[in-house]
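Structural overview for review
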Amino acid sequence: MTKRIAVLLGGLSPERDVSLVSGAACAKGLRDAGYDVVEIDAAANLYEQLVEADPDIVFNALHGEWGEDGLVQGVLEHFGKPYTHSGVLASALAMNKQMAKSVLREAGIPCPDGLIANRFEAAKAHAMDPPYVAKPNDQGSSVGVHIVLEGANRPPAELGSTAWALGDEVLIERYIPGRELTVAVMEDKPLCVTEIVPNTKFYDYEAKYSAGGSDHILPADIPADIAEQAMDLAVKAHKALGCRGLTRSDFRYDPANATPLWLLEINTQPGMTPTSLAPEQAQYCGIGFADLVQWMAENASCRR
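Let me begin by describing the structure that accompanies this report.

Scoring rules and cut-offs
- Residues numbered from 1 in each chain as written.
- Predicted model: local features only at pLDDT ≥ 70, side-chain atom pairs only at ≥ 80, totals over all residues.
- Heavy atoms only, no water.
- Axes fitted to C-alpha atoms, helices over the stretch in contact; angles between N-to-C directions.
- Helix = DSSP H or I, 4+ residues; strand = E, 2+ residues; numbered from the N terminus.
- Parallel < 35°, antiparallel > 145°, perpendicular 65-115°, else oblique.
- Contact = heavy atoms within 4.5 Å.
- Nonpolar A, V, L, I, M, F, W, Y, C, P; charged D, E, K, R; others polar.
- Phe/Tyr/Trp six-rings, centres within 6.5 Å; stacked < 30°, edge-to-face > 60°.
- Buried < 20%, exposed > 50% of the residue type's maximum accessible area, 1.4 Å probe, protein only.
- Pairing = 2+ DSSP bridges.

Concerning the packing of helix H4 (residues 88–95) against helix H5 (residues 97–106)
- The interhelical angle for the contact between H4 and H5, taken along N-to-C directions, is 105°, at an axis separation of 5 Å. By the angle between their axes, H4 is roughly perpendicular relative to H5. Across from Leu93, Ala94 and Met95 in H4, the residues of H5 making contact are Lys97, Met99, Ala100 and Val103.
- A class-by-class count of the residues in the contact of H4 with H5 yields six nonpolar, no polar and one charged.

Structure (structure tokens):
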């Protein structure tokens with residue numbers, strides 16, 4: 001009997017548009033793999049939507065707040081059918097960047113120093129000596145990220161703007177210079193290391209999701225021992241937070257630094273768009289897109 005899979009996409013977060021693209025790609029891949037697929041644009045009545053769809057498996061292709069922060073995972077646990085990606089605790093923990101880094105540091109993983117500040121206070125005066133990065137503590141996809149370089153006279157004015165809708169808590173974090181690296185992990189297996197070369201000022205939302213926004217060098221042209229260390233750290237971070245399924249860890253690499261590799265954050269639900277890094281790494285390792293989403297579906301479970 002053909003399994004019925006509900007693909008959750010869209011949703012309520014600022015990353016809705018990205019999720020729609022990710023979800024559509026995953027739904028197509030699952031259909032190509034032979035599943036019966038129904039797409040659900042996740043709304044506030046998600047539980048009722050799931051009951052109506054009556055799937056065997058739920059494929060969570062949501063991004064950001066109310067999608068990968070533990071809230072939807074709680075609904076899925078209550079629904080009681082197997083679902084993809086990490087569970088409630090790992091999702092909530094990874095989404096809270098400062099809390100996640102506390103756990104990762106305890107596991108011996110180098111992470112930049114940071115502090116939590118009220119956005120209005122952070123807009124008035126530097127909460128940390130530049131250079132630093134100011135960003136929402138619980139958003140993804142580089143939404144609302146500002147790099148404050150050395151010599152900057154003032155913090156980003158946007159933090160105090162009435163247009164800001166990304167929460168009042170911001171993470172102020174020491175800026176780590178260097179090259180951008182990323183490693184995808186399938187359960188306990190690292191795929192490879194990609195270097196990301198953004199064609200914008202930094203690897204922001206536009207660089208991530210616009211065609212030509214960044215160049216991906218795969219595998220990264222870095223020393224073999226650094227590549228091995230990055231993959232080891234990605235798996236270690238995945239396990240330290242209790243993640244499941246597919247994750248992606250982002251690093252900065254600076255060979256001039258006494259600690260050359262720093263983990264910036266771990267993404268418990270990596271993008272699955274045409275420009276996304278995790279599917280690209282899987283393809284490099286001989287895992288086609290349909291095979292990747294099939295593995296994710298068959299790896300699904302409840303009580304994650």
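Observations concerning the packing of aromatic side chains
- Counted under the stated rule, the structure contains one aromatic pair.
- Between the aromatic rings of Tyr47 and Phe79, the centroid separation amounts to 6.0 Å while the plane-to-plane angle is 85°, which identifies the pairing as edge-to-face. In this pair, Tyr47 sits in helix H2 (residues 46–53) while Phe79 sits in helix H3 (residues 71–79), placing the two residues 32 residues apart along the sequence.
- For Tyr47, a relative accessible area of 31% puts it in the partly exposed group.
- On the accessibility criterion, Phe79 (13% relative accessible area) is buried.

Things to note about the sheet that holds strand S11 (residues 246–253)
- Read from one edge of the open sheet, five strands run S10-S9-S8-S11-S12, paired in antiparallel fashion. Each edge of the open sheet is held by one strand with a lone partner, namely strand S10 (214–217) and strand S12 (261–267). Each strand axis lies, on average, 30° off the axis of its neighbour in the sheet, ignoring direction.
- Where strand S8 (residues 179–186) lies against S11, eight bridges are found, and the strand directions are antiparallel. Looking at the pairing, Val183 lines up with Ser249 of S11.

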